[in-house]
Amino acid sequence: MNEMEAYIEALFPPDEDLARVLESIRAKGMPEISVPTGYGRLLTLLVQMSGAKELLEIGALGGYSGICLARGLGVGGSLTSLELLQEYADTAKENLEAAGLGSRVSHLVGDAGESLERLTSEGRRYDFFFIDADKGGYVRYLDAAIGLANPGAVIVADNTLLRGRVADLQRSGPSVLAMREFNERVASDRRLTGTLLPAYDGLAVVRVNP
Ligand SMILES: C[S@@+](CC[C@H](N)C(=O)[O-])C[C@H]1O[C@@H](n2cnc3c(N)ncnc32)[C@H](O)[C@@H]1O
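Since the model is a prediction, treat every value here as computed from it, not as a measurement. (Residues numbered from 1 in each chain as written. Predicted model: local features only at pLDDT ≥ 70, side-chain atom pairs only at ≥ 80, totals over all residues. Heavy atoms only, no water.)

**So, the site of the ligand**
Okay, step 1: Near the ligand there are 20 residues, and of these Val-35, Gly-59, Ser-65, Glu-83 and Asp-132 occur at the shortest range.
Okay, step 2: Gly-59 places a polar main-chain atom, nitrogen or oxygen, 2.8 Å from a nitrogen atom of the ligand.
Okay, step 3: Summarising the interface, the protein chains cover 91% of the accessible area of the ligand, which totals 600 Å² for the free molecule.
Okay, step 4: Because more than half of its atoms lie within 2 Å of the grid, the ligand is assigned to the largest pocket.
Okay, step 5: Looking at the shell around the ligand residue by residue, the class counts come to 11 nonpolar, 4 polar and 5 charged. (Near = heavy atom within 4 Å. Polar contact = N/O pair within 3.5 Å; in protein donor to acceptor, adjacent residues only side chain to side chain. Areas by Shrake-Rupley, 256 points an atom, 1.4 Å probe, with all protein chains shown as cover. 1 Å grid on protein atoms, 1.4 Å probe; cavity = no way out; pocket = protein on both sides within 12 Å on 5 of 7 lines; lining within 4 Å. Sits in = over half its atoms within 2 Å of the grid points. Nonpolar A, V, L, I, M, F, W, Y, C, P; charged D, E, K, R; others polar.)

**Some details on the pattern of salt bridges**
Okay, step 1: A complete count under the given rule lists 15 salt bridges for this structure.
Okay, step 2: Two residues, Asp-17 and Arg-20, come together in a salt bridge whose shortest N-O distance is 3.1 Å. Pair noted here: Asp-17 and Arg-20 are both in helix α2 (residues 16-27), with a separation of 3 residues, about one helical turn.
Okay, step 3: A relative accessible area of 29% places Arg-20 in the partly exposed class.
Okay, step 4: Here the salt bridges do not stand alone but share partners, grouping Asp-15, Glu-16, Asp-17, Arg-20 and Arg-71 into one network. (Salt bridge = Lys/Arg side-chain N within 4 Å of Asp/Glu carboxyl O. Helix = DSSP H or I, 4+ residues; strand = E, 2+ residues; numbered from the N terminus. Buried < 20%, exposed > 50% of the residue type's maximum accessible area, 1.4 Å probe, protein only.)

**A few points about unusual backbone geometry**
Okay, step 1: Its identity is not glycine, yet Asn-159 carries a phi of approximately 65°, on the positive side.
Okay, step 2: Following the sequence through the fold, Asn-159 ends up in the loop between β5 (149-158) and α8 (174-188).
Okay, step 3: Note on Asn-159: relative accessible area 16%, which makes it buried.

**Observations concerning the side chain of Ser-115**
Okay, step 1: Within the secondary structure layout, Ser-115 lies in helix α6 (residues 112-121).
Okay, step 2: Residue classification places Ser-115 among the buried positions, given a relative accessible area of 6%.
Okay, step 3: Dropping the residues within four chain positions of it, Ser-115 is found in contact with Leu-82, Leu-108 and Gly-110. (Contact = heavy atoms within 4.5 Å.)

**Concerning the pairing of β5**
Okay, step 1: Within β5, 8 of the 10 residues are buried, which leaves it mostly tucked inside the rest of the structure.
Okay, step 2: As judged from the 5 bridges shared by strand β4 (residues 126-131) and β5, these two strands associate in the parallel manner. Opposite Phe-128, over in β5, you have Val-154 as the bridge partner.
Okay, step 3: Regarding the hand of the β-α-β motif, the stretch spanning β4, helix α7 (residues 138-148) and β5 is right-handed.
Okay, step 4: As judged from the 5 bridges shared by β5 and strand β7 (residues 203-208), these two strands associate in the antiparallel manner. (Pairing = 2+ DSSP bridges. Right-handed = clockwise from strand over helix to strand, strands pointing away.)

The structure is reproduced here in C-alpha cells:
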C-alpha cells in the first residue's frame, strides 16, 4: 500500500465484521490477499449504485469481498460465490454468517471454470460479477461473465496490474500475458464499456453494454 492509500484507509472507521475476516485468515494460515479496504468499499458502492440483485463472485477466500458485495444488496438479492477450496468456502460462509449476511450467500466449491459452465448450462443470469481468483483464468472468466450477464451488468476484477508486471515489457510469464489480454479486452471489447483504476493492485470496472 502506498502513502496515499494508507492515508485514505486510515480515514475509515474500524469495521468489526471485516476485522473478524482478516483475523480468521491469519489464524488459519490462509493467504492474506483479501481485497483492500478502499476497493471493498467500492464494491459495496457499485452494487448499491447499480441496483444489482444477483451477484456472482469468483474467488471467496475468507469472505472479505463477499461481505462487501452482500452489504450492497437491496431487499431480495443474493450472492453466489465460487471457491476452489472447501476450507476457504467454509471460512467465508462462517464470516458471512457472523456478519448477519449468511442467508444472502451460497458457495459453490470447485474449479470456477467448471462452476461457470454449470451455471451457464442452467441458464442463470447475474447483474454483477467480481472476478478475483487465479489470474490465468481472467479472460475465460470474463467471457463466461459476458455470457451470464443481464443487459447492463457490471463486471469488476481485482489485481489487473499484477504489481506493475503487466506494464513491464520485459515480463512475459503466463499470468502477465493473460492479464494483458484481459486488460486489452476491458479497454476495447465493443460489447463492453470499461476502464482500469490504477490504485492498489489495479481494478477493472466494466459495464456490459445493453
Ligand atoms: C485473491 S483470493 C480472493 C479474495 C477474496 N475475493 C476477497 O477479497 O475476500 C483468490 C481466491 O481464489 C481461489 N481460487 C484460485 N483458483 C481458483 C479456481 N480455479 N476456481 C475457484 N477459485 C479459485 C483461491 O482459493 C482464493 O481463495
